[in-house]
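Working through the structure, step by step
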Amino acid sequence: MSQTITVKIKLLPTKEQASILSEMSETYISTINTLVSEMVAAKKSTRKSSKDIPVSLPSAVKNQAINDAKSVFKKVKKNKYNVIPTLKKPVCIWNNQNYSFNFSHIFMPIMMDGKVVKTPIRALLVDKDNRNFELLKHKLGTLRITKQVNKWIAQISVTISTVQKTGMKVMGVDLGLKVPAVAVTDDEKVRFFGNGRQNKFKKRKFRSLRKTLGKKKKINAIRKFNDKEQRWMKDQDHKISRTIVNFAKENKVAVIRLEQLANIRQTARTSRKNEKNLHTWSFYRLSQFIEYKANLVGIKVEYVNPRYTSQICPNCSEKNKAQGRKYKCKCGVEKHRDLIGAMNIRYAPVVDGNSQPA
Ligand SMILES: [Zn+2]
């Protein structure tokens, strides 16, 4: 198993470096746009090499631009020249032989007074969880640099190969609103994740603040505030998925099972329309985070048919409906309803394809 991810790093170039990067990334996309239009006019791929391109870029970067232009042209040709894209967003790309870094700087060849100089640019390589630096120990691909609003961002593609965990140990995870997640393993190790009450409190606070802002019709403030809420929720999902996967790792779990969500494609499209869809969307994101983090440590994620997982008694198979948070069965089983869900998800039929239909 291997997967490629992008590690985002904030760059802190000096004023001079920033203006060089701006210029280089404008040149980079205009080089691609020129090459693409030449290839479209000729109706064939270019034979140009870096020597044939008279722009002020390091030759390795020119070669990267040629490759990018060729792949753009390939797509254009495949679409029978119907759409010819023009790149607008400035970007500059180095291949993995042309940059290096230590824990405080990325070293990359940039143009200084017409010469190529490998230059250290200050970067926040070590974030508060020390995660970036850990990820960058794996196989590195290209380095992309873009400007987002007023921030310079480096995106390094990283390929991580993992060894699929052996063993059969399964863990079921039930995602919910009141309790964000409940997990149970084959050998009945149980863990409740996240803080439902805290989430509820925070969400209520967000809602009342939004109302106050709404009365004052501060559209920009509301928008800013929504972004903040989104970021907070995403951060919560990252935290919960991380602790779930760590729990699985501690318990030597080989497979995590989650419920398959219905119609996520439709739901995603209309996600802002109603509360219920919004929930499905947030479950979807949490599932994706769990899958991605689990795969990184060699744990497989499988999706199961959610039918009756909240009703069947895991002891006697009788169907019951939970009253509030409590699930009770005649046979004596009495547990939190979400735990019953997780226990059933553990052994529910796995859906073909093993992934969310996104
Ligand atoms: Zn029962």
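What counts, and at which threshold
- Residues numbered from 1 in each chain as written.
- Predicted model: local features only at pLDDT ≥ 70, side-chain atom pairs only at ≥ 80, totals over all residues.
- Heavy atoms only, no water.
- Helix = DSSP H or I, 4+ residues; strand = E, 2+ residues; numbered from the N terminus.
- Buried < 20%, exposed > 50% of the residue type's maximum accessible area, 1.4 Å probe, protein only.
- Contact = heavy atoms within 4.5 Å.
- Areas by Shrake-Rupley, 256 points an atom, 1.4 Å probe, with all protein chains shown as cover.
- Lys, Arg positive; Asp, Glu negative; His and termini not counted.
- Charge placed at Lys NZ, Arg CZ, Asp CG, Glu CD.
- Pairing = 2+ DSSP bridges.
- UniProt positions renumbered as here; feature names shortened; annotations may be inferred.
- Phe/Tyr/Trp six-rings, centres within 6.5 Å; stacked < 30°, edge-to-face > 60°.
- Lys NZ or Arg CZ within 6 Å of the ring centre and 35° of its normal.
- Core = buried A, V, L, I, M, F, W, Y, C linked by side-chain atoms within 4.5 Å.
- Donors = N, O, S within 2.8 Å, 3.2 Å for Na, K, Ca; no water.
- Tetrahedral: all angles 85-135°; square planar, octahedral: opposite > 155°, others 65-115°.
- Domains from an automatic or database assignment.
- Buried area = accessible area lost by both parts, 1.4 Å probe.
- Salt bridge = Lys/Arg side-chain N within 4 Å of Asp/Glu carboxyl O.
- Polar contact = N/O pair within 3.5 Å; in protein donor to acceptor, adjacent residues only side chain to side chain.

1. Describing the overall build of the protein
Secondary structure summary: the protein contains 8 helices and 14 strands in total. Counting across all 358 residues of the protein, residues that qualify as buried make up 41%. Residue pairs in contact within the protein that sit at least 24 positions apart in sequence constitute 65% of those at least 6 positions apart. Of the roughly 21200 Å² of accessible surface on the protein, 51% is carried by carbon and sulfur atoms. Taken as two groups, the 73 positive and 27 negative side-chain charges of the protein have centres that lie 5 Å from each other.

2. Side note on the pairing of strand β12 (residues 300-304)
Most of β12 sits out of view: 4 of its 5 residues are buried. With 5 bridges joining them, strand β11 (residues 255-259) and β12 adopt parallel strand pairing. Note that in β12 the partner of Leu 258 across the bridge is Tyr 303.

3. Comments concerning the UniProt feature "domain: Cas12f1-like TNB" (unreviewed entry) in the protein
Mapped onto this numbering, the UniProt entry annotates "domain: Cas12f1-like TNB" (unreviewed entry) at residues 283-345. Secondary structure within residues 283-345 divides into 37% helix and 17% strand; the distance between the first and last C-alpha atoms comes to 15 Å.

4. Quick look at the packing of aromatic side chains
With the rule as written, the count across this model stands at 2 aromatic pairs. The interplanar angle of 55 degrees and the centroid separation of 6.2 Å between the aromatic rings of Phe 73 and Tyr 81 together place this pair among those described as tilted. Here Phe 193 and Phe 247 contribute two aromatic rings whose centre-to-centre distance is 5.8 Å and whose plane-to-plane angle is 75 degrees, an arrangement assigned as edge-to-face. Residue Phe 193 is found in strand β10 (residues 190-193), and its partner Phe 247 is found in helix α5 (residues 219-250); the two are separated by 54 residues along the sequence. Pair check on accessibility: Phe 193 and Phe 247 agree, each one buried. Across from the ring centre of Tyr 81, 4.5 Å away, lies the NZ or CZ of Lys 43, which sits over that ring. Above the ring of Tyr 308, the side-chain terminus of Lys 319 is found at 3.8 Å from the ring centroid.

5. A closer look at the nonpolar core
Ranked by size, the top nonpolar core spans 45 residues in total, and within it Tyr 28, Trp 94, Ile 106, Met 108, Leu 143 and Ile 145 carry the most contacts. No other element matches the 11 residues that helix α1 (residues 15-42) contributes to this core. Beyond its immediate chain neighbours, meaning those up to four positions away, Trp 94 contacts Leu 21, Met 24, Val 61, Tyr 99, Met 108, Pro 109, Ile 110, Thr 142, Leu 143 and Ile 145.

6. Points about the coordination of the zinc ion
Taken together, the protein ligands of the zinc ion are Cys 313 (SG), Cys 316 (SG), Cys 329 (SG) and Cys 331 (SG), with distances of 2.2 to 2.3 Å. Given 4 donor atoms and angles of 102 to 115 degrees at the metal, the environment of the zinc ion is assigned as tetrahedral. Site description for the zinc ion: donor spacing in sequence, C-x2-C-x12-C-x1-C. In this pair, Cys 316 is assigned in the loop between β12 and β13 (326-328) and Cys 331 in the loop between β13 and β14 (334-336), connecting sequence segments 15 residues apart.

7. Some details on the domain arrangement of the protein
The domains assigned to the protein are domain 1 (2-161) and domain 2 (170-347). Each of domain 1 and domain 2 has a C-alpha centre, and these two points are 38 Å apart. Listed per partner, the contact involves 5 residues of domain 1 and 4 residues of domain 2. Summed over both sides, the interface of domain 1 with domain 2 buries roughly 470 Å², with 51% coming from carbon and sulfur. For the domain 1 face of the interface with domain 2, the top three residues by lost area are Gln 3, Ile 5 and Arg 131, together amounting to 70%. At the surface where domain 1 touches domain 2, the tally comes to 0 salt bridges. At the boundary of domain 1 and domain 2, one finds 0 residue pairs in polar contact (both at pLDDT 80 or more).

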